[in-house]
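Coordinate inspection notes
The chain contents come next:
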Amino acid sequence: MTGRQTMAEATVTVRGLAKTFILHLQGGIRLPVLQGVDLDVQAGECVALNGPSGVGKSTLLRCLYGNYRADAGHITLRDEGIVVDMATAEPRHILAVRRRSLGYVSQFLRVVPRVPAIDVVAEPLRALGVSEEAARERARALLQRLHIPERLWALPPATFSGGEQQRINIARGFAHSFPIMLLDEPTAALDADNQGAVIDLIRDARERGTAMVGIFHDPAVRQALATRLFDMKPP
Amino acid sequence: MIEAAPLLSVSGLGHDYDGIIACRHIAFDLWPGEVLGVVGESGSGKTTLLNALSARLIPTTGTVRYRTREQGMVEVYRLSEAERRMLMRTDWGFVHQNPREGLRMSVSAGANVGERLMAVGARHYGEIRAEAVRWLEQVEMDTGRIDDSPRTFSGGMLQRLQIARNLVTKPRLVFMDEPTGGLDVSVQARLLDLLRGLVGDLGLSAIIVTHDLAVARMLSHRLLVMWRGEVVETGLTDQVLDDPQHPYSQLLVSSVLTP
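Residues numbered from 1 in each chain as written. Chains lettered and ligands numbered in written order. Predicted model: local features only at pLDDT ≥ 70, side-chain atom pairs only at ≥ 80, totals over all residues. Heavy atoms only, no water.

Overview of helix α3 (residues 117–126) of chain A
All names here are of chain A. The buried fraction of α3 is high, at seven of ten residues. Along α3, the residues that are buried comprise Ala117, Ile118, Val120, Val121, Ala122, Pro124 and Leu125. Contacts made by the buried residues of α3 are with α4 (132–145) and α5 (162–175). (Buried < 20%, exposed > 50% of the residue type's maximum accessible area, 1.4 Å probe, protein only. Helix = DSSP H or I, 4+ residues; strand = E, 2+ residues; numbered from the N terminus. Contact = heavy atoms within 4.5 Å.)

Next comes the structure, spelled out in structure tokens:
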């Protein structure tokens, strides 16, 4: 449901979220992953999802993004002052929320072949109507900040190293200053230097008031970024 | 901005060929600027549906309503033949898998593009030619080939030409049937990239039939999954592909080879 409401307390509010996978090709096996999940995230907070592998951290993140369909519960957030429930919103509303208010950095870069790195990074801004020049300017600044050598900017990232691709992905994710960011292992493939640059970038966003939910397996990264842990247990 | 009224509204649409059901119970709205992908295996009714939506095949049942610029919502199959032809020539485009079906192979590349403009009343030769040149550039074709016959073009160039021919009248809705289907993989990637850019820049609405889920993911905002003539699942593209609900959608997604 979408409607005009007064400002909610938290930037992201999750209530009673449930998610079960039904594998029809495996005889209809049911895999309950999330049940009764409640979570509030405030502006300027970075909540680290915590728990063993398989507990549903990525599933929760994907539900928040509208990538996985919630079976029950509500995921409410504000998009330009209007409260949207990601668990029930229509596709075009989810896409509008993703364009304007909700960013996501996945573990792997997925892009159109042939598009140069600089345009991959600039694209989220172009989609918001920012001029090509201004969007590229912002992209250049981010690529520089994340130590992507200038000779690579005009090349499509398909042939880049894993660490370079991941930094392109992060630059793309942070090109627009989303009020809410979801981060799935943003530093997994990075060496120490580049990890530091990425941590700085994410921390700056947090300090500007971005509400974040993330998965950080590396304890040092989690220490540097998380303001709070959200413990998850198998249902 | 999120628009409040759909551009195309389909309800209860079905078609059969002499009693054999090709598609049925099709209902959806298409919103301005939205790209809808229709996926499913061969024989699932995708192409029949596309033809029934685009006034190329009168459906057995159901209605297709379209929001025109002048008259608001009209029922496509209640329009006169002439009105429907006008709609197809101006406000709609149709990109065939085989570009030879959408082009006139006996006239030059420039004439193929210019012809659609003349059909909507353009008469000034210089302006028509300039517009044709501009559209060949838009689809990244060598404008030096404007006077050449399409017979001398490669498959990828023919597809670009067909796209230019369709877009020159600035349609608001484009139907595409496997637009990258007959092309080499390298040519496909470039064409996809081009289509994606054009659709975004022009704010087009589109309905794209494809059996290639990678194409669907790249181009469409929303998906309809068809199976045995019916829509078995619909939703946000990445949601349907990453978290398919219906048994057939799960089969479809799990059958893809990922390089």
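Comments concerning the state of the cysteines
As used here, a disulfide is simply a covalent bond connecting the sulfur atoms of two cysteines. The full count for this structure, using the stated rule, is zero disulfides over all chains. Lacking any disulfide linkage, Cys63(A) is separated from the closest cysteine sulfur, that of Cys46(A), by 19 Å. (Disulfide = S-S within 2.5 Å.)

Considering the confidence of the model for chain B
Caution applies to low-pLDDT regions: their predicted coordinates should not be interpreted in detail. Residue and element names in this part refer to chain B. Per-residue confidence for chain B averages 92 on the pLDDT scale, and 98% of its residues sit at or above 70. Looking at the elements of chain B, mean pLDDT is at its lowest for helix α7 (residues 185–202), recorded as 82, and at its highest for strand β10 (residues 230–236), recorded as 97. On the interface metric, ipTM, the complex scores 0.91, and its pTM is 0.92. (pLDDT = per-residue confidence, 0-100.)

A few points about the pairing of strand β6 (residues 82–85) of chain A
Residues and elements named next belong to chain A. As judged from the four bridges shared by strand β5 (residues 72–79) and β6, these two strands associate in the antiparallel manner. If you follow Asp79 over to β6, its bridge partner there is Ile82. If you look at the hairpin formed by β5 and β6, you'll find two residues sitting between the two strands, and Glu80 has a positive phi there, around 50°. (Pairing = 2+ DSSP bridges.)

Digging into empty space enclosed by the protein
Tallied over the full model, the rule gives two cavities of 30 Å³ or more. Here the largest cavity is characterised by a volume of approximately 50 Å³. Along the walls of the largest cavity sit Val95(B), Ile163(B), Leu167(B), Val174(B), Met176(B), Leu195(B), Leu198(B), Val199(B) and Leu204(B), which together make up its complete lining. Ranked by residue count, the leading element in the lining of the largest cavity is α7(B), at three residues. One number sums up the size of the second largest cavity: a volume of about 40 Å³. Lining the second largest cavity, in full, are Phe174(A), His176(A), Ser177(A), Phe178(A), Met181(A), Ala205(A), Arg208(A) and Thr210(A). Class assignment of the residues belonging to the lining of the second largest cavity gives a composition of four nonpolar, three polar and one charged. (1 Å grid on protein atoms, 1.4 Å probe; cavity = no way out; pocket = protein on both sides within 12 Å on 5 of 7 lines; lining within 4 Å. Points joined across faces, edges and corners; volume = space filled by probe spheres on them. Nonpolar A, V, L, I, M, F, W, Y, C, P; charged D, E, K, R; others polar.)

Focus on the interface of chain A and chain B
Where the parts come together, the accessible area they lose is often given as the size of the interface. Of the residues lining the interface, 26 residues belong to chain A; the matching set on chain B comes to 28 residues. When the two sides are added together, the surface that chain A and chain B hide from each other amounts to roughly 2,400 Å², 51% of it contributed by carbon and sulfur. Per-residue buried area on chain A facing chain B is highest for Arg69(A), Arg92(A) and Arg114(A); these three make up 28% of the total on that side. The interface formed by chain A and chain B contains four salt bridges. A salt bridge links Asp243(B) to Lys19(A); the nearest nitrogen and oxygen atoms lie 2.6 Å apart. (Buried area = accessible area lost by both parts, 1.4 Å probe. Salt bridge = Lys/Arg side-chain N within 4 Å of Asp/Glu carboxyl O.)

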